[in-house]
Every structure is written in structure tokens, then in C-alpha cells.
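# Examination of the molecular architecture
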Amino acid sequence: MKVFNFNAGPAMIPQAVMEKAQKEFCDYKGSGCGIMEHSHRHKLFDEILERAISNMREIMGIPDTHAVVFIQGGASMQFAMIPMNLAVAGKPMEFADTGTWSSKAIKEAKLFGDVKVIASSKEEKYTRIPAVDEMKIDEDAAFFHITSNNTIYGTQYQAFPNCPANVPMLADMSSDIMSRKLDVSKFGMIYGGAQKNLGPSGMAVVIIRKDLAERTPANVPTMLRYSTYIDNNSLFNTPPTFGIYIFGLITDWVKDMGGLEVLEGINNKKAETLYAAIDGSDGYYRNPVCPCSRSKMNVVFRLPSEELEAKFIEEAKAAGMIGLKGHRSVGGIRASIYNAMPLEGIERLVSFMQDFKKNN
Ligand SMILES: *Cc1c(COP(=O)(O)O)cnc(C)c1O
């Protein structure tokens, strides 16, 4: 039986991508050795890097003002690199706090200057995104940072705030990058750990407005400066070549699927199907999130008791669905349904949910 993987990250990778990688693993394009064995300066890797970047640019409509770079250390390293590079003396760094990941970004920024949290849903246990038109971003802020999709709480920005023209908006999109259409030019920086929608863990994909990289103070080390990655096309040192290779295959796959327009349609259908099953269960399954903020990537729900939740997870595993346990900090069930999850996986989950409710 095919197993559907609902893990939050590392997460499902499209079957076609894994099969292609397997086929090419020992002998990449007749070169006699695998891609992991080739130099990052070799022409074969250069082609991979260029294609990965140009695919990403095409899929997301990234303007020439922005660079695409690959940085090791995942999204969490960006929490530190952002204030190291983009803090401005005398100006507050502003954040919307929508959960654990936002809080971690805030914590790092505090090491480098004044931080202002201008919107938070902490009091409501992060069950919604604060109203974006009520976010009062200072004209004077160094930047404004949001977490576009909150992987643990199952919330997602449905629309983005309007930042004052001279304040760059930065977004941690780790768990919804490349899942829907958006206007990249509205952002100073978009970044994400790759392991949810973009490939293997350990690497962050960073889309950054080039002029912002000029802000970096002189005492920031070379490997922690955005300009190092931009000026050297992510090849200052040995980059995570395998991660970039898989990321490239995933962007090929997104294009083969018909691009973001098609993918977003499928993602909408998947989320609607699952929320409809929750809402139509007469309260047996409950989604704690404000309907105005429901995530299309991480769908969280509760059952009538923790015992039933544990049973649900066990029996789902036997029915070929793994990774449904909610984050340890909140409990419950979480179905992570990133780009690689086909509608078929949602249909199996929904039919299992109906049977489980009947029997329990
Ligand atoms: C997973 C996740 C992270 C952490 O990513 P790492 O690559 O493990 O550092 C940060 N932000 C969000 C929104 C995430 O979902």
C-alpha cells in the first residue's frame, strides 16, 4: 500500500522527484559518477544551480531587483542573519508575533537592537493571524517581519499587510513558500527552510532585495553576510550541492505540474476537502483556528479526547497515513499537506476520518 506522509518537515517529496534522483544517483548524466561526487565548480553542477535559480524566478515571478541564494543552517539561521545584516542603529525592528517561529525570530533580533512587537495573537493562543489592516508599522522601522504560515498552529496570512514604502517587509515562508501566487516585489526578503515545500533539510532558500545587502555592518563575518552569497552566486564556499540539486528537481516538477496557478488550485481543493470533513463532523473533529486564518498547508484538529487522538494516530498509521501527530507543544492532530501531497492522500484521510468517527 502506498503510504501518505503527513509529516510537518522534513516532509513528503514528489514521487517523480525521488525516482529521478534515484535514477541519477550513481551516474549523473553519463558522467560516470554521482552528482554528490562532482565539484561545485564543475560545469554539471553549474547547470543545476542556474536551472534551479531560473526555475524559481519563473515560478514565483521574482523581479531582477531580488537575488535568490542558498544558505546553510535552515530557517533558524536566518533568524540571526536578519538582524545581523538588516538592523539599523536607532530604528526599531518590528515583528508580528504569530507563534513559536515568530517568537524565535524575535528572540534573536533582541540580541542586535530594539525590537517592537506591533501585533500578536499570543493571548488567543495563536489561533488566528492579527488583522493585517490594524498592523501599525512605524515609518521609521528598520524592517517588519512576519511568519506567513504558522506550521504548529495551522494559521496563515490570507492577505499581506501594507508596509510603509521605505520599510522592507521580511517573511519567513518556510511552510508555505511556492504554494500560492504572491507579489514578490512587495517583500524585502522571503526565506524558508527547504524541508517543507522545497526539498531536503539543512538549507534555506533566500529571496532578498539586492540593495538591502548593502546595509550590513563591516564587523559581520563573511559567511554571515548576505552580500557574500549574492556576489558569489551562493558559491563562496561549498554549498549544499545535493540540496540544491533536489530543489532544482522540485522546481522542474512544479513547472511540469503547470506552475503556481495550477498548484495553488490543487492546494485550495485539498484544504477545502479536509476542512469540510472537519466542519461536517457534527463537532467530533474540531479545528481551533479562526476560519479567517486557516492554513492551507498545516491543518490542525482535535478529537473528543486525547485517548481518541492517540488511537486515531495509531489506526491511521495502519491505514497507510503517517506523521499525523500534532506538534508536541500543542498536541492534537496535524495534517501537513504541502505541495507534494496529492489530493488522493486527502481523500484517503477524509474517508478514514469518517470511518473512525463511526466506529468510535
Ligand atoms: C520549520 C520552520 C522553521 C525552522 O526551520 P529550520 O530549517 O529547522 O531552521 C522556521 N520557521 C517556520 C515557519 C517553520 O515552519
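Conventions we followed
- Residues numbered from 1 in each chain as written.
- Predicted model: local features only at pLDDT ≥ 70, side-chain atom pairs only at ≥ 80, totals over all residues.
- Heavy atoms only, no water.
- Helix = DSSP H or I, 4+ residues; strand = E, 2+ residues; numbered from the N terminus.
- Rg over C-alpha atoms; globule rule 2.2 N^0.38 Å.
- Contact = heavy atoms within 4.5 Å.
- Areas by Shrake-Rupley, 256 points an atom, 1.4 Å probe, with all protein chains shown as cover.
- Lys, Arg positive; Asp, Glu negative; His and termini not counted.
- Charge placed at Lys NZ, Arg CZ, Asp CG, Glu CD.
- Expected span 1.5 Å × (residues − 1).
- Buried < 20%, exposed > 50% of the residue type's maximum accessible area, 1.4 Å probe, protein only.
- Arc of directions from axis to C-beta.
- Axes fitted to C-alpha atoms, helices over the stretch in contact; angles between N-to-C directions.
- Parallel < 35°, antiparallel > 145°, perpendicular 65-115°, else oblique.
- Nonpolar A, V, L, I, M, F, W, Y, C, P; charged D, E, K, R; others polar.
- Core = buried A, V, L, I, M, F, W, Y, C linked by side-chain atoms within 4.5 Å.
- Polar contact = N/O pair within 3.5 Å; in protein donor to acceptor, adjacent residues only side chain to side chain.

### Points about the overall build of the protein
Along the protein, the regular secondary structure elements total 9 helices and 13 strands. Scaling as 2.2 N^0.38, a compact globule of 360 residues should have a C-alpha radius of gyration of about 21 Å, and the protein matches this with 21 Å. Its C-alpha atoms put the protein at 65 × 55 × 30 Å along the principal axes. Partitioning the intrachain contacts of the protein with sequence separation of at least 6 by distance along the chain shows that 69% fall at a separation of at least 24. When the accessible surface of the protein is totalled, it reaches about 15,400 Å², and 52% of it is carbon and sulfur. Of note, the protein has its 40 positive side-chain charges centred 3 Å away from the centre of its 41 negative side-chain charges.

### Considerations on helix α2 (residues 43–60)
End to end, α2 covers 26 Å across 18 residues, agreeing with the expected 26 Å (1.5 Å per residue, within 8%). Among the residues of α2, those classed as buried are L44, F45, I48, L49, A52, I53, N55, M56, I59 and M60. Buried residues in α2, looked at end-on, bunch into an arc of 165 degrees, giving them a common side. Exposed residues on α2 whose side chains face more than 90 degrees from its buried face are K43 and E58.

### A word on the environment of T151
Tracing the sequence through the fold places T151 in the loop between β6 (149–150) and β7 (155–156). For the pair formed by T151 and W101, sequence separation is 50 residues and the distance between their alpha carbons is 8.4 Å. Residues contacting T151, with those up to four places away along its chain left out, are A8, W101, S175, K196, N298, R334 and Y338.

### Focus: the packing of helix α6 (residues 241–257) against helix α7 (residues 259–279)
Where α6 contacts α7, the axes come no closer than 7 Å and their chain directions differ by 80 degrees. Considered as vectors, α6 and α7 are oriented roughly perpendicular to each other. Seen from α6, the contacting residues are W253, V254, K255 and M257; seen from α7, they are G259, V262, L263 and I266. Taken together, the residues of the contact of α6 with α7 break down into 6 nonpolar, 1 polar and 1 charged.

### Notes on unusual backbone geometry
Glycine aside, negative phi is the norm for most residues, and most peptide bonds take the trans geometry. Each neighbour pair has its own omega, and for G9 with P10 the value is -5 degrees, a cis peptide bond. For K29, which is not glycine, the phi dihedral falls at a positive 50 degrees. Along the chain, the position of K29 falls in the loop between α1 (15–24) and α2. For K29, a relative accessible area of 52% gives the class exposed. Even without being a glycine, K125 presents a positive backbone phi close to 55 degrees. One can find K125 in the loop between β4 (115–120) and β5 (143–147). Take K125: its relative accessible area is 67%, and that puts it in the exposed class.

### A short note on the nonpolar core
Residues M56, M60, F70, F144, I146 and M178 are the most contacted members of the largest nonpolar core, which totals 53 residues. The element contributing the most residues to this core is α2, with 9 residues. Once you skip the residues sitting within four places of it in the chain, I146 turns out to touch A96, Y157, F160, M169, L170, A171, D172 and F187.

### Brief notes about the side chain of N85
Position of N85 among the secondary structure elements: in helix α3 (residues 74–86). A distance of 3.2 Å separates the side chain of N85 from the backbone nitrogen of Y226, its partner in a polar contact. The residues touching N85, leaving out its near neighbours within four places in the chain, are R215, T216, P217, L224, R225 and Y226.

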